[in-house]
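Here's the letter readout for the chains.
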Amino acid sequence: DASDMEKGLYPHYMLKEIDEQPLVIRKVISKYQDSEGSIRIDAGLRNRLNEADRIYIMACGTSYHAGLVGKQLLEKIAGIPVETHIASEFLYNRPILSSKPFFIFISQSGETADSRGVLVTIKQLQYPTLTITNVPGSTLSREADYTLLTYAGPEIAVASTKAYTAQIAVLAILAFDVMRERERAPHVNPFHELSIAANAMEIMINKKEMMEEIVWQYLNASRNCFFIGRGVDYYVSLEGALKLKEISYIQAEGFAGGELKHGTIALIEEGTPAIAILTQAHVRANMRSNVQEIKARGAHVCTISMEGLEESEDHMVLPVVHELLTPLVSVIPLQLIAYYAAKYRGCDIDKPRNLAKSVTVE
Ligand code: G6P
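One structure accompanies this document, and this report is about it. (Residues numbered from 1 in each chain as written. Predicted model: local features only at pLDDT ≥ 70, side-chain atom pairs only at ≥ 80, totals over all residues.)

## Notes on the overall build of the protein chain
Counting its secondary structure elements, the protein chain contains 13 helices and 10 strands. Compactness check: the protein chain gives a C-alpha radius of gyration of 20 Å against a globular reference of 21 Å for 362 residues, within 12% of the reference. Dimensions of the protein chain, computed from the C-alpha atoms along their principal axes, are close to 55 × 45 × 45 Å. Put simply, the protein chain has 362 residues, and 51% of those count as buried. Look at the contacts in the protein chain between residues 6 or more apart in sequence, and 76% of them connect residues 24 or more apart. (Helix = DSSP H or I, 4+ residues; strand = E, 2+ residues; numbered from the N terminus. Rg over C-alpha atoms; globule rule 2.2 N^0.38 Å. Buried ≥ 20, exposed ≤ 12 C-beta atoms within 10 Å, placed from the backbone. Contact = placed C-beta atoms within 7 Å.)

## Concerning the site of the ligand
In the region of the ligand, 17 residues are neighbours, and Gly 61, Ser 107, Gln 108, Ser 109 and Thr 112 sit closest. Examining the composition of the shell around the ligand, we find that 3 residues originate from one element, helix H4 (residues 61-78), more than from any other. Grouping the amino acids of the shell around the ligand by side-chain chemistry returns 6 nonpolar, 10 polar and 1 charged. (Near = placed C-beta within 6 Å. Nonpolar A, V, L, I, M, F, W, Y, C, P; charged D, E, K, R; others polar.)

## Points about the pairing of strand E7 (residues 251-256)
Pairing of strand E6 (residues 224-229) with E7 involves 6 bridges; the strand directions are parallel. Pairing of Phe 227 across the sheet is with Gly 254, part of E7. Note that the unit made of E6, helix H11 (residues 232-248) and E7 has a crossover that is right-handed. (Pairing = 2+ DSSP bridges. Right-handed = clockwise from strand over helix to strand, strands pointing away.)

## What about the packing of helix H9 (residues 190-205) against helix H13 (residues 326-344)?
At a minimum axis distance of 9 Å, the contact between H9 and H13 shows a crossing angle of 15 degrees. In terms of their interaxial angle, H9 and H13 are classed as roughly parallel. As H9 runs across H13, the sense of the crossing is right-handed. Residues Ala 197, Ala 200, Met 201, Met 204 and Ile 205 of H9 pack against Leu 328, Val 329, Ile 332 and Pro 333 of H13. Among the residues making up the contact of H9 with H13, the classes are represented as 9 nonpolar, no polar and no charged. (Axes fitted to C-alpha atoms, helices over the stretch in contact; angles between N-to-C directions. Parallel < 35°, antiparallel > 145°, perpendicular 65-115°, else oblique. Left-handed = near helix turned anticlockwise from the far one by under 90°.)

## Digging into the sheet that holds strand E1 (residues 54-59)
Taking strand neighbours across the sheet as the criterion, the 5 strands line up as E2-E1-E3-E4-E5 in an open arrangement whose pairing is parallel. Here the strands that pair on one side only, and so sit at the sheet edges, are strand E2 (82-86) and strand E5 (146-149). Taken over all neighbouring pairs, the strand axes of this sheet differ in orientation by 20 degrees on average, direction set aside. Strand direction decides the pairing type here: strand E3 (residues 101-107) and strand E4 (residues 129-133), joined by 5 bridges, are parallel. Each bridged residue has a counterpart across the sheet, and for Ser 107 the counterpart in E4 is Thr 133. Here helix H6 (residues 113-124) sits on the sheet in contact with E1, E3 and E4, set at roughly 155 degrees to E3.

## Considerations on the sheet that holds strand E10 (residues 316-318)
Reading across the sheet, the 5 strands line up as E7-E6-E8-E9-E10 and stay open at both edges, with parallel pairing between neighbours. Each end of this open sheet is capped by a strand with a single partner; those strands are E7 and E10. Adjacent strand axes in the sheet meet at a mean angle of 20 degrees, parallel and antiparallel pairs treated alike. Running over the sheet, H11 touches E6, E7 and strand E8 (273-278) and is turned about 175 degrees from E7.

## Some remarks on the packing of helix H2 (residues 21-32) against H9
Contact geometry for H2 and H9: axes closest at 8 Å, N-to-C directions at 170 degrees. Relative to H9, the element H2 is oriented roughly antiparallel. In contact with Gln 21, Pro 22, Ile 25, Arg 26 and Ile 29 of H2, H9 contributes Phe 191, Leu 194, Ser 195, Ala 197, Ala 198, Met 201, Glu 202 and Ile 205. Each residue belonging to the contact of H2 with H9 can be placed in one class, and the counts come to 9 nonpolar, 2 polar and 2 charged.

Below, the structure is given as structure tokens:
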């Protein structure tokens, strides 16, 4: 669709692509839901996944971060053990594989050489493979046994946004499809939960001024920034840090809340900006104490929490969504923070230095 390729009134593709995310999730829903409301997935793929005793997810960059969320989704919903690997590292540190492995490649472009390197090896071993990609007919799609498309439309900005959330939505649908014991998620309708998430994403997208204000307050003159979270919020903090690094060139790092005291807290000094993410009820108390610990050492903390877990001084409160789908919503303020930080610094947002949209060398 030619209109997808145009910025229209948007100053940057990245902002357009951030805004498109609720629509993309709704598109994913429509593509994977059949007329009876059930999940539409190739029967062969379903069988191969059901036979698998372990799933190995391979990806790079932002797709790797979606793969970390995918591990949670597949383990908690489907009940299958999952390992998520950085594709290039898998080749050097290949783990001892289970007896019935199934490989999932996640790649926006479907052309990433590091991921393809793994796919070529795995095909030689004749294990079943699935590619989750945004590009029909891409190399990884053609070479894998199965493909699931993310339907995000062309992603032009180098920093990936809508491809990440679309990948997570597809992984969630896949997890519900292979759910082995019904009691794992009784009465959960994945499409219903995803549409609630899409609405919540829209609400966050409409809070751009707040995000701009946060950037002004927290990141205006800083040379670094920390993102902290526990559980799935930790995975989102890695993605938030990557976005900020990629386009604003601010040194950023995502940390697991529990690990702070084991080293990182040494870096906190007066005025160090930190973004805390808190969407998971079971880690609430420990995350709150992390925030206190770093505040006490001078950190300038911006807290993004979820309704029901919020405190009055939190900077942003996300609408409630299914506890495993929170990354779809919590990543939006982080994408926007990166966007405005880059804008304030006058960076080339859509084409950051030294980066390529797809990397076809190992
Ligand atoms: C490049 C891009 C990243 C992307 C990564 C993986 O490094 O700059 O934004 O996440 O490749 O790309 P893929 O197309 O495989 O998802």
